[in-house]
Amino acid sequence: MTTMPDARTTDQAPAVPEVVEVDAPRNAREAELLKRVPDGLFIGGHWTPSSSGSTLDVRDPATGRVLKRIADATPADGLAALDAAVAAADSWAATAPRVRGEMLRSAFDLLQERRDEVALLMTMEMGKPLSEALGEVTYGGEFLRWFSEEAVRIPGRFGPNPEGSGSIVVSHQPVGPCYLITPWNFPLAMATRKIAPALAAGCTVVIKPAELTPLTTLYVVAMLEEVGVPAGVVNVITTTASAAVSEPIIADPRLRKISFTGSTAVGRRLLKQAADNVLRTSMELGGNAPFVVFEDADLEMAVTGAMTAKFRNTGQACTAANRFLVHRTIAGDFADRITERVRGLVVGRGTEPDVTIGPLINEKAVEKADALVHDAVDRGATLRAGGHPVEGIGTFYEPTVVTGVLPGSYILREEIFGPVISIVEFDTEEEAVALANATEYGLAGYVFTTDLARAHRLIGSVQTGMMGVNTGILSNAAAPFGGVKQSGLGREGGSEGIQEYLTTKYTLIPSA
Ligand code: NAD
């Protein structure tokens, strides 16, 4: 991205969103909550410092302030966590599914009691507006509830041997100790989406949250300890040395599964490492979601869907709409309405009332969004709103609209991961499908049309693992989440989610 020019050209004055200036002192409630978040590694039921004594600082992206200093694990700590997961594996696998399920259900209940403080913690470390953090508590909590119910519904099969003698029995067993790696953008849901099905299936885990937002995972794991999850079943390592700590774990023959959510580049690297140990893998990787609006769409519904699909999580979602493909006859109207709505967005620290757009996670993210916008403008696109980093403390970027984006622009190829709407015009359904599929990614897609037959055609022809029809949000604990192409392997959530942590065993029982 560094090769892209940083010119800022526009042929009309962009709309500038309101910016709330916040001093954001760490108030007593925030300070008290942070004090209660563990600062150690959780290994074999004990909170411990790093074996090197090293620590890492977790910062608030809205203020740049250090929120908390926590343990920075070494490779030896990572292996100690795996030792603990291995030691606990047999007894956890033998624990009654009902008991495993009840623990997850208790964790769900406790999370509901503490939803306000979990949301506040997420907003502090990740930046999303508090209302969205509360939404993530609901979404992330649902994985605990859903998999508490799935724990007692692990399916099997029994049938006659076609050869005529005896029976075929198909059963499922826990895959074994798992290594879970999560990203920073959904600190709660990415953790529960992996921990809950693993525990429901009878697997023990080592989880490594992103170093930028580890506090929510530490808090949740302390909650699991509180509801009685036995020592060694869930272990946490936080580290700035992700590669050095992960490699020996992934290479260890006692590990049986790796589940990763993050960028495609890191996912590819982990797949190569996993190959040497023939590990089961789940890869939830990057996206480049098309958001297709046909001329027959309910335009107001499409605009509302677009605002959600783009600005939720300040654009930092793998399912975020990245390319808005709009039929030429309505593209002007769509852009006008979107620009009007963007003027109503309020940028600021997510804890402040009325804020709808929080900071980006760090300076690098701001630079990337800015470079993508200016590359598109340099190639002929029009800037209708925003288009600049917000001056002052914190890593904020203005909500931005660019129209008439031309093929070849980086913004159509890369994950923007910021509050930027980029609009491309099309003339025919065939062209829309070709544009939608012109990416290496295939995670989510969105289609707005009132023509049912067209919607069904698009479900068939758009190459993604997930599709929203006339909606801008589709994540659901009861549904299989995942992608095709370079967006990954496997599914999380739904009845499919627990299968990722189970292995199939076939047994033949002769009758004579
Ligand atoms: P990232 O790939 O940089 O990091 C993800 C995790 O991997 C972090 O915990 C990080 O510390 C760790 N990591 C990085 N390098 C590693 C290595 N060499 N070995 C082991 N671990 C390593 O991604 P990110 O910036 O944290 O998250 C954003 C990305 O995640 C985006 O691409 C987004 O699309 C993707 N994402 C995907 C989904 C999904 O479900 N498909 C969900 C959320 C985010």
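Before reading on, note that the structure itself is shown above.
Quantities reported herein were computed from a predicted structural model and do not represent experimental measurements.

Section: the overall build of the chain
In terms of regular secondary structure, the chain is built from 16 helices and 22 strands. Scaling as 2.2 N^0.38, a compact globule of 512 residues should have a C-alpha radius of gyration of about 24 Å, and the chain matches this with 24 Å. The principal-axis extent of the C-alpha atoms belonging to the chain is close to 80 × 60 × 40 Å. For the chain, the residues scored as buried account for 57% of the 512 residues in total. If you average the places of the 46 positive and of the 61 negative side-chain charges in the chain, the two averages end up 5 Å apart.

With respect to the layout of surface pockets
If you add up the space inside the second largest pocket, you get close to 250 Å³. If you go around the second largest pocket, you meet 14 residues; those closest to its centre are Leu406, Pro407, Leu412, Val424 and Leu435. Of all elements in the fold, only strand 14 (321-327), helix 13 (410-413) and strand 18 (420-426) reach the threshold of two or more residues within the lining of the second largest pocket. Looking at side-chain class alone, the lining of the second largest pocket contains eight nonpolar, three polar and three charged residues.

Examining the nonpolar core
Core analysis: the largest hydrophobic core is formed by 101 residues, its most contacted members being Val293 and Phe334. Among the elements that line this core, the one with the most residues is helix 6 (residues 189-201), at nine residues. Ignoring sequence-local partners within four residues, the contact set of Val293 consists of Leu299, Ala302, Leu325, Val326, His327, Ile330, Phe334, Phe426 and Phe448. Membership of the second largest hydrophobic core comes to 33 residues, among which are Val292, Ile411, Leu412 and Val424.

Some words on helix 15 (residues 452-461)
The complete set of buried residues in helix 15 reads Arg454, Ala455 and Leu458. End-on, the buried residues of helix 15 take up no more than an arc of 100°, which puts them together on one face. Looking at helix 15, the residues exposed on the side facing more than 90 degrees away from the buried face are Leu452, His456 and Gly460. Taken together, the buried residues of helix 15 touch helix 14 (429-436), strand 19 (444-448) and strand 20 (466-469).

Structural notes on the environment of Trp146
With respect to the helices, strands and loops of the structure, Trp146 is situated in helix 5 (residues 130-150). Sequence separation of Trp146 and Gln316 is 170 residues, and the distance between their C-alpha atoms is 25 Å. Every residue in contact with Trp146, bar those within four places of it in the chain, is listed here: Ala477, Ala478, Gly494 and Ser495.

Comments concerning the sheet that holds strand 17 (residues 400-403)
Strand order in the open sheet formed by seven strands is 16-17-18-14-13-19-20, with mixed pairing between adjacent strands. The sheet terminates laterally at strand 16 (382-385) and strand 20, the two strands that pair on one side only. Averaged over all adjacent pairs, the angle separating strand axes in this sheet is 20°, with direction ignored. For strand 19 and strand 20, the ladder comprises four bridges, and the chain directions are parallel. The partner of Val447 across the bridge, within strand 20, is Val469. Helix 12 (residues 363-378) rests against strand 16, strand 17 and strand 18 of the sheet, and its axis sits at about 25° to strand 17.

Some remarks on the sheet that holds strand 7 (residues 167-174)
As summarised here, the arrangement of the three strands in space is 6-7-22, forming an open sheet in which the pairing is antiparallel. Two strands lie at the open edges of the sheet, namely strand 6 (157-160) and strand 22 (502-509), each paired on one side alone. Taking each pair of neighbouring strands and ignoring which way they run, the sheet shows an average axis angle of 20°. When strand 7 meets strand 22, the two strands line up antiparallel, connected through eight bridges. Bridge pairing in strand 22 places Ile168 opposite Leu508.

Here is what the cut-offs are and how they apply
- Residues numbered from 1 in each chain as written.
- Predicted model: local features only at pLDDT ≥ 70, side-chain atom pairs only at ≥ 80, totals over all residues.
- Heavy atoms only, no water.
- Helix = DSSP H or I, 4+ residues; strand = E, 2+ residues; numbered from the N terminus.
- Rg over C-alpha atoms; globule rule 2.2 N^0.38 Å.
- Buried < 20%, exposed > 50% of the residue type's maximum accessible area, 1.4 Å probe, protein only.
- Lys, Arg positive; Asp, Glu negative; His and termini not counted.
- Charge placed at Lys NZ, Arg CZ, Asp CG, Glu CD.
- 1 Å grid on protein atoms, 1.4 Å probe; cavity = no way out; pocket = protein on both sides within 12 Å on 5 of 7 lines; lining within 4 Å.
- Points joined across faces, edges and corners; volume = space filled by probe spheres on them.
- Nonpolar A, V, L, I, M, F, W, Y, C, P; charged D, E, K, R; others polar.
- Core = buried A, V, L, I, M, F, W, Y, C linked by side-chain atoms within 4.5 Å.
- Contact = heavy atoms within 4.5 Å.
- Arc of directions from axis to C-beta.
- Pairing = 2+ DSSP bridges.
- Axes fitted to C-alpha atoms, helices over the stretch in contact; angles between N-to-C directions.

Just geometry here; none of it tells us what the structure is for.
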